[in-house]
Amino acid sequence: MFGDLFEEDFSFISNNHCGKGKKSKPRDSEPPAPRDFTNLSGIKNQGGTCYLNSLLQTLLFTPEFREALFSLGPEELGTLDDSSKPDAKVRIIPLQLQRLFAQLLLLDQQAASTTDLTESFGWNSHEEMRQHDVQELNRILFSALETSLVGTSGHDLINRLYHGIVVNQIVCKECKNVSERQEDFLDLTVAVKGIAGLEEALWNMYVEEEYFENENLYRCGACDKLVEASKSAKLRKLPPFLTISLLRFNFDFEKCERYKETSCYTFPIQINLRPFCEQTEMDDSEYMYELFSVIIHKGGCYGGHYHVYIRDVDELGNWQLQEEDRLIEDKLLRETENAEEIENPLAVLKGIFSEEESKQIPVDQLGQRLLEKKGVSWNKKYRKQYGALRKYLQNHPQIFHFSPDENKVGLKEKQKLLFMSDSQGQDLQSRPQKNDVQWKAEKKPTRLRDSSAGHHWFDLNDSKVQPIKEKDIEKQFQGKESAYMLFYRKSQLKRPPEARGNPRYQIPEHLLNEMNAANTELQKKRVECDSANNGIDLHLHLSSCYKFHNGALHPSLTWKESVVDLTIDRRKTLGDLRQSVFQMLESWEGDMILSIAKPLPAGLHLYQILDGDELTLDGVGLADGTDVFVWNGKEVGGTKVMTGPDHEPVVVNVLRLAEYNEGGKGQHFTESQHVFSCSTKLGDLHRALAPSGGIILKNSAGPDKEAKNWEVFREEDMKETVKSVGLTDGCSVLILDSHDQSFVNVSSGNLTAFTYDISWLQVKNFCRTEDEEKPVKITATIETVMSDIKRKAIRELQLEEELANDSCLRPVSRNGKLLSPVPEDYTVKEAELKMGSLLGLCHGKAPTSTQLFLYFIVGSDQNASPEMEIVVEETASVKECLNLMLEKSGLSGDNWHLRRIDWCYEAGEALSQENATLKELNVCRGDTLVITEGKLPPKGFLKIPIWWFKSSSHRKHGENAEDKVNGLTYKMEALQVSSAGDSPEYIHTDMDLCYAGSIEIAGEASLEDLKMQYVLIWHLLLCHVQWF
């Protein structure tokens, strides 16, 4: 449970244990904090060692144990430096305990570490994180110490201080024979359940007798028979220090679970053990014990937290609760510090009592004394604010005390002394120093102490130490946070005067030297840490290395050459800083002005001048990394410099619509940065950036350029400043020329399109072919209507306005082909145009959104038939469209049909449904159709071509049937068969195939039907051949 703690013998040697100064775990880079006002050190919690910390503090504040441990020198215990040497007898546990006690007493740190001690126990990190029972640890630690100290003068240390004897006796009622058995103890365990307090528990254990009678008889060894008898226990030997463990944890056999007893359980500050002892004839002082430590457990039976209340026997700590009464009085005095003395009832009453020879005055006469002395009654002057006189006196028990019958009242002796000292002009506000404490205050009362002097209690809760009152112990009688172990010391044990307030008392010289060296090192580290924590690095910018242009300061050299770093304590004054700068810049001449500077996107800008040499750097707001500009306060490089927040330079991103290369994508904007003072008028900014007739738009969302965030600066805004309209570093403004302003909704002042969609389309004039003209670029968005683009293009191309009624825009492909015209009511997005595309301005009206622009050719040979264009309604039928195309191509007759162009640009699928509309057949704008000769079969019929394979009389001998089939297949692949089922245009003469005609047959006909029609054609063909 506790690692190797209980396994160590007197020759315990381990190379793994920590030696002097060894750091087994990484320490913090900063030194530990010094002790607080109590001047006592806590102990760090390693994760679950609060029980260990509470026990160690109790042992430390047991002066006799501490001094007995310190009395063992290196000649008996060895040294920690020798722990790694073979055959060296080093007693690690007492050495580490000595060292820890010395640190707790002398080392100036808020909390000590028990790492070295627990490692000497053989504990690992797992043990340090587990919480154990402090009662069991007390026994095991004592056992380990006894084992470690075998063979030394301290071998009986534990036995001498904590060992006691209990005797159990059984007395025979017949022969009076006494049978007894002794038991040694280091601590007593007393019951809590069902018992009111410690005295009752001890009474039950050592006063009450148990009787053997009736059926429960005792066999007497002298009588050799079962007899009636009485059994009792007594304390035969009392130790100097009595440790009592309260049995708060019990087991509920009905619920089969452990529980903590939280009922009220009292224990006295002083206790007389005479009734519980075997020998009672000695003086009472031999039986009197005083409480000096209470280990407290907070939580339940499965976990919690330990801390300890300890009485500071040697007054090593600074217990400041005795100042509480004076602080209360000071508070009352401060409340009336601006009032006259007569208006302060406390001072008036104290003056009356100090003049009285008798110690107390009847309460009913005090009001009359007040009236006689000050000429004003209590009810008239003070009752409204302070209440009745008796109630006021009762509310200040720290100043006034009543007689037992509460009919008389007087001033406490301490308050008389305070009042007399105050009247003599002595300073009562200064805090008494620790060295002023005397062993016998009555002989030399240099420090006022209340009735609890010598009984100063502290709450030591791991690293935290705070003073408490003795009456606070009563709070630990009951509840989840309650007393768990009690430590009493004999009242006879008196401390020598030289030990009072002297933490160095009886500490060995080598430990004193080690602690002195450690404190020196700690102080050194604290000075270094304090300097590091309070040191600030200032960046000094020298005016000789700067020039002023474009609204800000810029280094004329590199940044490194223009800046000098200076480290200085923030607690120093501006005068110290100025002197340090003068010393660094020996060649400086004239006035030296220091100004706080701040690097901005535009450059370095100056703010307030640092003035007032008596002010501290921290007080004027100089922090680590502050930039300070050193100059003459007027100009830099001959240029006057404007300072302060009203002249901050602002970097503005200026956006203009960018031009694209022909067909290219490019950027949407050209961007440039301009610097303006935040006090610049918006009208000046407009004149500097926008051309005549141009406008400026502000992006209120910063880097985001969405249209809903763009606002137009109106004419009335021109008198505002850059700062007042909200332009800051990084804000963007958009400059639009006059012909770009169609995107601005003047009434609302907002941009009507997303600016990232604003771009260009290129338009080239195809109405005149004699002169090669360059395209013009027209601003547009994806929502711009094509009719607007056409009007802009006619205006930019300087063409006649009448052309707008007889022209259209046609996209131009990469190979220069004019594609189908775009409906004028289409937007750029609906027309599927990419920004930067080239459009051609051509003669002819553009189709409407319900019309289709189609290409068509006659026959599948494009070289023989030119491509023609036609505009038809999308609701026109296939037959109507065919007739329009035949008419335009000069053809006639009804032996024609339409086919689509497939992906190979050949005649493909036939438009067989003559009455269906083009829209129903998904014919789209820009499609190409083919006028093909031949009439399509009726709906539901197929037209199948028939070929005749001629048998040759000149076949080679031995050619089998498979060869014939293969030959036929090969020759069929060589045929050029019309896709319409018509007779082939050309038949190779060297083939054994000839075209026999076509058969129209229903699609649902069987192969037998097809065969019968084929045989019929076959016979007809034979008859025709024979006739010839």
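Preceding this section is the structure that the text describes.
Everything quoted here is computed from the prediction, not taken from an experiment.

Enquirer: I would appreciate a short explanation of the nonpolar core in the present structure.
Expert: Note that soluble globular proteins tend to have their nonpolar side chains buried in a common cluster. Counting residues in each nonpolar core, the largest one holds 65 residues, and the members touching the most others are F65, L97, F101, V134 and Y162. Apart from residues lying up to four places away in sequence, L97 is in contact with L56, F65, L69, L117 and L145. Of all hydrophobic cores here, the second largest spans 35 residues; its members include I244, Y289, W457 and I473.

Enquirer: What's the story with the packing of helix α4 (residues 92-106) against helix α7 (residues 134-148) in this structure? I'm lost.
Expert: The geometry of a pair of packed helices is captured by two quantities: the angle between their axes and the separation between those axes. Close contact between α4 and α7 brings their axes to 8 Å; oriented N to C, the two are set at 110°. In terms of their interaxial angle, α4 and α7 are classed as roughly perpendicular. Together, I93, P94 and L97 of α4 and A144, L145 and S148 of α7 make up the contact between the two elements. Grouping the amino acids of the contact of α4 with α7 by side-chain chemistry returns five nonpolar, one polar and no charged.

Enquirer: I would appreciate a short explanation of the environment of S120 in the present structure.
Expert: Looking at where S120 falls in the secondary structure, it is placed in helix α5 (residues 115-121). In this structure the side chain of S120 is engaged in a polar contact, spanning 2.4 Å, whose partner is the backbone oxygen of L117.

Enquirer: In this structure, what is going on with unusual backbone geometry? I would like to understand it.
Expert: Generally, phi is negative for residues other than glycine and the peptide bonds are trans, each holding for most cases. Positive phi, normally seen in glycine, also occurs at N214, with a value near 55°. Relative to the assigned elements, N214 resides in the loop between β6 (210-212) and β7 (218-220). The exposure class assigned to N214 is exposed, which follows from its relative accessible area of 63%. The phi dihedral of E832 falls on the positive side, at around 60°, and the residue is not glycine. Relative to the helices and strands, E832 resides in the loop between β40 (807-811) and β41 (838-843). A residue is classified by how much of its surface remains accessible, and E832, at 72% relative accessible area, is exposed.

Enquirer: Hey, could you run me through the packing of α4 against helix α17 (residues 509-534) in this one?
Expert: α17 packs onto α4 with a crossing angle of 50° between their chain directions and a minimal axis gap of 10 Å. Of the possible angle classes, the one that applies to α4 and α17 is oblique. Here α4 and α17 pass one another in a crossing that is right-handed. Taking contact as the criterion, the partners of Q98, R99, A102, Q103 and L106 in α4 are, on α17, L511, L512, E514, M515 and N519. Along the lines of polarity and charge, the residues of the contact of α4 with α17 split into five nonpolar, three polar and two charged.

Enquirer: What should I look at first to understand the packing of aromatic side chains in this one?
Expert: Aromatic ring pairs are described here by two measures, namely the spacing of the ring centres and the angle between the planes. Scanning all chains against the criterion turns up 15 aromatic pairs. Between the aromatic rings of F142 and Y162, the centroid separation amounts to 4.7 Å while the plane-to-plane angle is 40°, which identifies the pairing as tilted. Of the two residues, F142 sits in helix α7 while Y162 sits in helix α8 (residues 157-162), which places them 20 residues apart along the sequence. Here F142 and Y162 have matching classes, each one buried.

Enquirer: Hey, could you run me through the sheet that holds strand β9 (residues 229-237) in this one?
Expert: Whenever strands of a sheet pair, they do so through backbone hydrogen bonds, lying parallel or antiparallel. Read from one edge of the open sheet, four strands run β4-β3-β9-β6, paired in antiparallel fashion. Either end of the sheet is taken by a strand with one partner, and the two such strands are β4 (178-185) and β6. Mean inter-strand twist for the sheet, computed between neighbouring axes without regard to direction, equals 25°. Pairing of β6 with β9, which is carried by three bridges, proceeds in the antiparallel orientation. Residue F212 lies in a different strand from β9, and its bridge partner there is A229.

Enquirer: Sorry, what's going on with the pattern of salt bridges here?
Expert: Close approach of charged atoms lets side chains of opposite charge pair. Counted by the stated rule, this structure contains 30 salt bridges. Of the charged contacts, one joins D618 and R570 as a salt bridge, the two residues approaching to 3.8 Å between their closest N and O atoms. Here D618, found in the loop between β27 (603-609) and β28 (627-631), pairs with R570, found in the loop between β25 (563-569) and α19 (574-584); they are 48 residues apart in sequence, far enough to count as distant. Given the relative accessible area of 46%, D618 is considered partly exposed. We note a salt bridge from E909 to R900, for which the minimum N-O separation is 3.7 Å. Residues joined by salt bridges that share partners form a network here, namely R66, E67, D314 and R495.

Enquirer: Just to check I follow, could you spell out the sheet that holds strand β46 (residues 928-933) for this structure?
Expert: Strand order in the open sheet formed by five strands is β43-β42-β46-β44-β45, with mixed pairing between adjacent strands. At either margin of the open sheet sits one strand with a lone partner, and together these are β43 (868-873) and β45 (907-910). If you compare each strand with its neighbour and ignore which way they point, the axes differ by 45° on average. Summarising the sheet, strand β42 (residues 851-858) and β46 pair through four bridges and their orientation is parallel. Along β46, the bridge assignment pairs I857 with V930. Running at roughly 100° to strand β44 (residues 896-901), helix α22 (residues 878-889) makes contact with β42, β43, β44 and β46 of the sheet.

The rules behind these values
- Residues numbered from 1 in each chain as written.
- Predicted model: local features only at pLDDT ≥ 70, side-chain atom pairs only at ≥ 80, totals over all residues.
- Heavy atoms only, no water.
- Core = buried A, V, L, I, M, F, W, Y, C linked by side-chain atoms within 4.5 Å.
- Buried < 20%, exposed > 50% of the residue type's maximum accessible area, 1.4 Å probe, protein only.
- Contact = heavy atoms within 4.5 Å.
- Axes fitted to C-alpha atoms, helices over the stretch in contact; angles between N-to-C directions.
- Helix = DSSP H or I, 4+ residues; strand = E, 2+ residues; numbered from the N terminus.
- Parallel < 35°, antiparallel > 145°, perpendicular 65-115°, else oblique.
- Nonpolar A, V, L, I, M, F, W, Y, C, P; charged D, E, K, R; others polar.
- Polar contact = N/O pair within 3.5 Å; in protein donor to acceptor, adjacent residues only side chain to side chain.
- Left-handed = near helix turned anticlockwise from the far one by under 90°.
- Phe/Tyr/Trp six-rings, centres within 6.5 Å; stacked < 30°, edge-to-face > 60°.
- Pairing = 2+ DSSP bridges.
- Salt bridge = Lys/Arg side-chain N within 4 Å of Asp/Glu carboxyl O.

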